[in-house]
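Structural characterization, general
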Amino acid sequence: TLVHGTEIFAAARKGHYAVGAFNTNNLEWTRAILSAAQEKNVPVLIQTSMGAAKYMGGYELCQQLIAAEMKSMAITVPVIIHLDHGNYEAAKEAIAAGYNSVMFDGHDLPFAENLAKTKEIVELAHAKGISVEAEVGSIGGEEDGVVGEGELADVNEAKQLAATGIDFLAAGIGNIHGQYPANWKGLHFDRLQELADAISIPLVLHGGSGIPQDQVEKAISMGVAKLNINTECQLAFAKATREYILANKDQEGKGYDPRKLLAPGTQAIKDTVEEIIGWMGTRPIK
Ligand code: G3H
Ligand code: ZN
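Residues numbered from 1 in each chain as written. Chains lettered and ligands numbered in written order. Predicted model: local features only at pLDDT ≥ 70, side-chain atom pairs only at ≥ 80, totals over all residues.

1. What to know about the sheet that holds strand E1 (residues 19–23)
Taking strand neighbours around the barrel as the criterion, the eight strands line up as E1-E2-E3-E4-E5-E8-E9-E10 in a closed arrangement whose pairing is parallel. Across the sheet, the mean angle separating the axes of adjacent strands is 25° when strand polarity is ignored. Both strand E8 (residues 168–171) and strand E9 (residues 203–205) contribute to a ladder of two bridges, which runs parallel. Paired with Leu 169 across the two strands is Leu 203, which belongs to E9. Running over the sheet, helix H1 (residues 5–15) touches E1, strand E3 (79–86), strand E4 (101–104), strand E5 (131–136), E8 and strand E10 (224–229) and is turned about 115° from E10. Contacting E1, strand E2 (44–48) and E3, helix H2 (residues 27–40) runs over the sheet at an angle of about 170° to E2. (Pairing = 2+ DSSP bridges. Helix = DSSP H or I, 4+ residues; strand = E, 2+ residues; numbered from the N terminus. Axes fitted to C-alpha atoms, helices over the stretch in contact; angles between N-to-C directions. Contact = placed C-beta atoms within 7 Å.)

2. Thoughts on the site of ligand 1
Around ligand 1, a shell composed of 15 residues is seen, among which His 206, Ser 209, Asn 228, Asn 230 and Thr 231 lie nearest. Elements with a minimum of two residues in the shell around ligand 1: E3, E10 and helix H10 (231–247). When the residues that make up the shell around ligand 1 are grouped by side-chain class, the tally is one nonpolar, eleven polar and three charged. (Near = placed C-beta within 6 Å. Nonpolar A, V, L, I, M, F, W, Y, C, P; charged D, E, K, R; others polar.)

3. Topic: the nonpolar core
In terms of nonpolar packing, the biggest core is built from 77 residues, with Ile 33, Val 102, Leu 169 and Leu 203 touching the most fellow members. Beyond its immediate stretch of four places on either side in the chain, Ile 33 contacts Phe 22, Thr 24, Val 44, Ile 46 and Val 273. (Core = buried A, V, L, I, M, F, W, Y, C linked by C-beta atoms within 7 Å. Buried ≥ 20, exposed ≤ 12 C-beta atoms within 10 Å, placed from the backbone.)

4. What to know about the environment of Lys 226
As for its placement among the helices and strands, Lys 226 is situated in strand E10. According to the C-beta neighbour criterion, Lys 226 is buried, with 31 such atoms within 10 Å. For the pair formed by Lys 226 and Gly 208, sequence separation is 18 residues and the distance between their alpha carbons is 9.7 Å.

5. A few points about the confidence of the model for the protein chain
For any part of a model where pLDDT is low, the fine detail of the predicted coordinates should not be relied upon. Averaged over all residues, the pLDDT of the protein chain equals 94, while 99% of them reach at least 70. The ipTM, which scores confidence in the relative placement of chains, is 0.99 for this predicted complex, and the corresponding pTM is 0.96. (pLDDT = per-residue confidence, 0-100.)

6. Observations regarding the packing of H2 against helix H11 (residues 258–280)
One way to put it is that H2 packs onto H11 with a least axis distance of 8 Å and a crossing angle of 40°. What the angle tells us is that H2 and H11 run oblique. For the pair H2 and H11, the crossing hand works out as right-handed. Where H2 approaches H11, its residues Glu 28, Trp 29, Arg 31, Ala 32, Ile 33, Ser 35, Ala 36, Ala 37, Glu 39 and Lys 40 are matched on the opposing element by Leu 262, Thr 266, Ile 269, Lys 270, Val 273, Glu 274, Ile 277 and Gly 278. (Parallel < 35°, antiparallel > 145°, perpendicular 65-115°, else oblique. Left-handed = near helix turned anticlockwise from the far one by under 90°.)

7. What to know about helix H4 (residues 59–72)
For H4, built from 14 residues, the straight-helix expectation of 20 Å at 1.5 Å per residue is met to within 8% by its first-to-last C-alpha distance of 20 Å. In this structure, the buried side of H4 is in contact with H2, E2, helix H3 (50–56), E3 and helix H5 (88–97). Downstream of H4 by a residue or two, Ala 74 has a phi angle that is positive, lying close to 55°. (Expected span 1.5 Å × (residues − 1).)

Below is the structure:
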């Protein structure tokens, strides 16, 4: 069932658990994420970055593909189609295309502009019941061309963004997109606590791949209700695909058949998503 984000995340923050947001790139990724959520009987977000949406053929196509797959797979768990790290234009396009939720990422704009544009997107989105995520501070590293300095979220700015009526807030708390460097110092729990004390909407933890499980669990217990995972699924897909290709390089048994070629990677994404959903404690929503 396609749903909007608001209700699911409010329940999650209250219940001290998180809902997973997994990035998709194509039909196989979408299917893997959907079947993992269905098997675990929990709500899930399927998100597209701007780059993935472009790769897949645009926001309308993404929305329709995910909705059509849900139908053909008889998916009954709540699913949110979400735009990940969208700029102003992308957020508007995704809203028009029928996404259930959008992230407007204005971290690279002067704060006043981030605030003003977030307000605009909230008005547009909420008129259609669509939930909105904003970003304060920044996530370090790079994801699909979106680059961040890893600046810690300012509590006062977080409060101002929360006052625009956004449904959840992504905050820079030392988290990084992609793989974590060996000398990474860990999440800034002091800042997370200040943010959680200052605002009551659910917080979003980006850069979920590679954060030690105990740190993620602690963050969830403090108010994080959405956990974003991308790289971990990419690594799992690449590893399984590489192994399959190496094992079938003589092309016996039709190892070149695309449906066979993509199957182990797809299964690896599903396994990864199920494992993460399992330990992050997502609960079914009635
Ligand atoms: O927006 C998506 C995420 O923050 C994913 O980050 O690739 O480090 O898991 P990750
Ligand atoms: Zn992110």
